[in-house]
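# Overview (structure and organization)
Residue-level listing of the chains:
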Number of protein chains: 2
Amino acid sequence: MSTTTTDTTTSTTTTDTTATGTAPAHTTAAGLDQLNPPTRLLMGPGPINADPRVTRAIASALTGQFDPWMTDTMNETMALYRSVFNTTNEQTFLVDGTSRAAIEAALVSLVAPGQKVLIAVMGRFGLLLKEICERVGATVITIERPWGTVFTASEIEEALRIHRPVLFATVQGDTATTMNQPLEGLGQLCHRYGALCYVDVTASIAGNTLLVDDWELDVVSAGLQKCLGGPSGSAPITISERAREVIEGRRHLEAGITDGSAGVGERIRSNYLDLAMLMDYWGPMRLNHHTESGPMLYAARECARLIDAEGIAQTVERHRLNGAAMAAGLQGLGLELFGDQHYRMNNVIGVKIPDGVPGDDLRAALLTDFAVEIGTSFGPLTGVVWRVGVMGYNARRDAVLTTLAALEAELHRFGHATTGSGVEAAMAYYDQSKTNEEQPA
Amino acid sequence: MSTTTTDTTTSTTTTDTTATGTAPAHTTAAGLDQLNPPTRLLMGPGPINADPRVTRAIASALTGQFDPWMTDTMNETMALYRSVFNTTNEQTFLVDGTSRAAIEAALVSLVAPGQKVLIAVMGRFGLLLKEICERVGATVITIERPWGTVFTASEIEEALRIHRPVLFATVQGDTATTMNQPLEGLGQLCHRYGALCYVDVTASIAGNTLLVDDWELDVVSAGLQKCLGGPSGSAPITISERAREVIEGRRHLEAGITDGSAGVGERIRSNYLDLAMLMDYWGPMRLNHHTESGPMLYAARECARLIDAEGIAQTVERHRLNGAAMAAGLQGLGLELFGDQHYRMNNVIGVKIPDGVPGDDLRAALLTDFAVEIGTSFGPLTGVVWRVGVMGYNARRDAVLTTLAALEAELHRFGHATTGSGVEAAMAYYDQSKTNEEQPA
């Protein structure tokens, strides 16, 4: 089981196990070396290779959590994410965990037990929203679409009209299906029926247009590990004034740092993921809550800083171009793409595994022979579809072409006759593209 | 409010805001520079300066989350923390968040709504356990001690006998009070009365003796940002077989990656912090849950690897020696220590702010003049006590002496007449210490 278990039976040193005494002797465990990760080109649905500039930022020195420099850096990070989200929401900050932490923070803070939530499910992450809502005690109603399709506005409107939920929840991009749900006008629609609108954009942000204010989305959550170009472990979130009021309506301060006064409304069922408390921590009150992770704050700030310098619209366009080149290349190999391509996310492509090709074996060979990772799938798509990501730092011409060359070689090795060259098809797409000259060298 | 808000009114580029169209033009925000944190010597109650070797490890390259190298690294990290916790518990892994995430994971997973929890409160973090238990729907009973003292075993036993909770919960070190609750025999005591025993050791681990198996502690949670020598953002946890059975009794798989079969027992109220799901993610099933943060995994592994190489008992002894030298130095300045010193944690010292000295102003001057940070306090100790930490990488002779020299200078500057030299008193302590020769150069 463990290779480093302390074996006190073989210790030759006298031990003193009283609580206030000397620590017991330690039998040296099998010494492990420094980390030495293999080189990988991560072209799956995430995580991807972090931008080297993010990796350098993450290793910056730490300060105290209320050091003036630290709180300034937190404020800068809030401002940068307003830019990425296309919002003026004051309440724009990080949840200290992976993207799923922010999803749960949103749902547990917005929905009190017994309240009705309408969830549009078009893939795995809709199912995740459903199960989190069930766990927080909501009354959950779902509308569902087959994997590989999206909802029309009228389908959503009809459900809002019938069910009158306090919250409508969905995802913009469902990484499990590669689909990109149109969101324009969705917030307005929800508000017409008295619902708040929550959307997770982890899979789609910075790879696809997202206009939080224009679309009146009330709470939007994300993660760094896809098109934002960072590692997993920090989850940006933005909260409209309308949603802030709902959350403030359940605000309870923590005993031990305040007088523990009662607060208002039904207490949020989580402390760690309580958005009212997180607003007090990130806001001018700076009420102590968790200890914000320095490295993950640094990563989040650098991801947004690089996008801000590139321009968020240009970042989206870079994903569109390179994602389209990858799709052209996959089709050039004679492979069939999965799902309604009109509504595909720019940054991830589902491709059907050809008959007779063992999908996982080929993926393993790609990793072994070329150090290239592409993705498997979940649920009904397991064994049916590979997912190829073109995201963040890897939304680059050389990453696209290398992946296609490697895939072509492995398809041949596994006995599948491709109908053409993936690399040539992608190159032709780049050549045709009017925006080709905008690409980095 | 925001300095980087997109101002679409001044945009000169045509915008297309349809969901499937081109992203809108981006008005360049005020360009922010690279991170450039100030130099700090962090001698407060945490976070502290991460060990430089941890900082380097954290910047290692990422791989896919189910890459064989990644899962091997996760397994190595589990083994290393068994060593740090002095346990053979198979279920020893990381929660992807700060220490508070692991506290909530333990409580929400162990305690179903309506079940009775007994909490021993001796400071702020006991109050935190209480409020988290309330939020997860437990029936909460507390016993309390004044800040600066600890519980006797008989006080705990009497409460267990009267209340018969399903869970007893406390902290080993309460960083708010500097106290170190004796835990020897506590698990056995709890088990005699039919309770599981949960302890948070974030403030004390690696600075004070902790014998999870010998003391029969069922669930123990920690954080990297104190004596483990890392940054905040990853929370090691260990789970006994007895506790694992309780958690497995509430195991529900996630829809979308499985057949969504019903599961057993009352569903755990959190998805992100569901220890049954985390066990499946870290265990041989490798069921997808969150995407483990690569950098924080790397940090956690390196923290434990360095301690494993030093020997956990030697790490504790290093904290004892340098903490005692700091305490001797503070007393040498004529300052009065806070709390029952017999039960003080090795790694954090509460010191009463002298009459007439403005505590926060002096702390700010220490930061400005010497780049040294010491801590303020919470609740009843606010304005009464400073907290000085000697933790992790900073549990070193030069860090102790530098802090004392800087504090002495600032006390003089604020008009307080010290009764002697803090540096000389600490040096005398080091000289007297029989283990002096064990210190790093």
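Residues numbered from 1 in each chain as written. Chains lettered and ligands numbered in written order. Predicted model: local features only at pLDDT ≥ 70, side-chain atom pairs only at ≥ 80, totals over all residues. Heavy atoms only, no water.

Mapping between the two chain copies consists of a rotation about an axis together with a translation along that axis. You can overlay chain A on chain B at an RMSD of 0.0 Å; the transform is a turn of 180 degrees with a shift of 0.0 Å along its axis. Given the turn and translation reported, the copies of this chain are related as if by a two-fold rotation axis. Using C-alpha coordinates, one finds that chain A approaches the rotation axis most closely at glycine 97 of chain A, a distance of 2.4 Å. The overlap is high: 100% of the interface residues of chain A also sit at the interface in chain B, so the same surface is used on both sides. (Least-squares fit on C-alpha atoms with pLDDT ≥ 70 in both. Contact = heavy atoms within 4.5 Å.)

All names here are of chain A. Enumeration over the complete set of coordinates arrives at eight aromatic pairs over all chains. Ring geometry for tryptophan 69 against tyrosine 298: centres 5.8 Å apart, planes inclined by 75 degrees, an arrangement best described as edge-to-face. With a gap of 229 residues between them, tryptophan 69 in helix α2 (residues 68-85) and tyrosine 298 in helix α9 (residues 294-310) connect regions that are remote in the sequence. There is no split in this pair, since tryptophan 69 and tyrosine 298 are both buried. Its end group placed over the ring of tyrosine 393, arginine 396 keeps NZ or CZ at 4.7 Å from the ring centre. (Phe/Tyr/Trp six-rings, centres within 6.5 Å; stacked < 30°, edge-to-face > 60°. Helix = DSSP H or I, 4+ residues; strand = E, 2+ residues; numbered from the N terminus. Buried < 20%, exposed > 50% of the residue type's maximum accessible area, 1.4 Å probe, protein only. Lys NZ or Arg CZ within 6 Å of the ring centre and 35° of its normal.)

Bringing a negative patch on the surface into the picture now. On the surface, Glu184, Asp213, Asp214 and Glu216 of chain B cluster together into a negatively charged patch. Classification of glutamate 184 of chain B by relative accessible area gives partly exposed; the value is 44%. (Patch = residues over 30% accessible without salt bridge, like charges linked within 9 Å, V, L, I, M, F, W, Y side chains within 5 Å. Areas by Shrake-Rupley, 256 points an atom, 1.4 Å probe, with all protein chains shown as cover. Salt bridge = Lys/Arg side-chain N within 4 Å of Asp/Glu carboxyl O. Lys, Arg positive; Asp, Glu negative; His and termini not counted. Charge placed at Lys NZ, Arg CZ, Asp CG, Glu CD.)

What follows covers the sheet that holds strand β9 (residues 219-221) of chain A. Residue and element names in this part refer to chain A. The strand order β2-β10-β9-β8-β5-β3-β4 describes an open sheet built from seven strands, whose pairing is mixed. Where the open sheet ends on each side, the last strands, each with one partner, are β2 (91-95) and β4 (139-144). Neighbour-to-neighbour, the strand axes of this sheet turn through a mean angle of 20 degrees, independent of strand direction. Strand direction decides the pairing type here: β2 and strand β10 (residues 235-239), joined by five bridges, are antiparallel. From the neighbouring strand, glutamine 91 faces β10, where its bridge partner is isoleucine 239. (Pairing = 2+ DSSP bridges. Axes fitted to C-alpha atoms, helices over the stretch in contact; angles between N-to-C directions.)

Moving on: helix α4 (residues 124-135) of chain B. All names here are of chain B. Over its twelve residues, α4 extends 17 Å from the first C-alpha to the last, a length consistent with the 16 Å expected when each residue adds 1.5 Å. Within the span of α4, buried status applies to Arg124, Phe125, Gly126, Leu127, Leu128, Leu129, Glu131, Ile132, Cys133 and Arg135. Positive backbone phi, approximately 90 degrees, marks glycine 137, located one or two places after α4. (Expected span 1.5 Å × (residues − 1).)

With that out of the way, let us pick up the UniProt feature "binding site: substrate" (unreviewed entry) in chain A. Residue and element names in this part refer to chain A. Here, the residues flagged by UniProt with the feature "binding site: substrate" (unreviewed entry) are Arg387. One can find arginine 387 in strand β13 (residues 385-389). By relative accessible area, arginine 387 is classed as buried at 3%. Within the structure, the side chain of arginine 387 is placed 2.6 Å from the backbone oxygen of threonine 175, a separation counted as a polar contact. (UniProt positions renumbered as here; feature names shortened; annotations may be inferred. Polar contact = N/O pair within 3.5 Å; in protein donor to acceptor, adjacent residues only side chain to side chain.)

Right, let's talk about the sheet that holds strand β8 (residues 196-200) of chain B for a bit. Residues and elements named next belong to chain B. Pairing is mixed across the open sheet formed by seven strands, whose spatial order is β2-β10-β9-β8-β5-β3-β4. On the outer flanks of this sheet lie β2 (91-95) and β4 (139-144), each paired with one strand and no other. Strand-to-strand twist in this sheet, taken as the mean axis angle between neighbours without regard to direction, amounts to 20 degrees. Across five bridges, the pairing between strand β5 (residues 167-171) and β8 is parallel. Looking at β8, one finds that alanine 169 is bridged to tyrosine 198.

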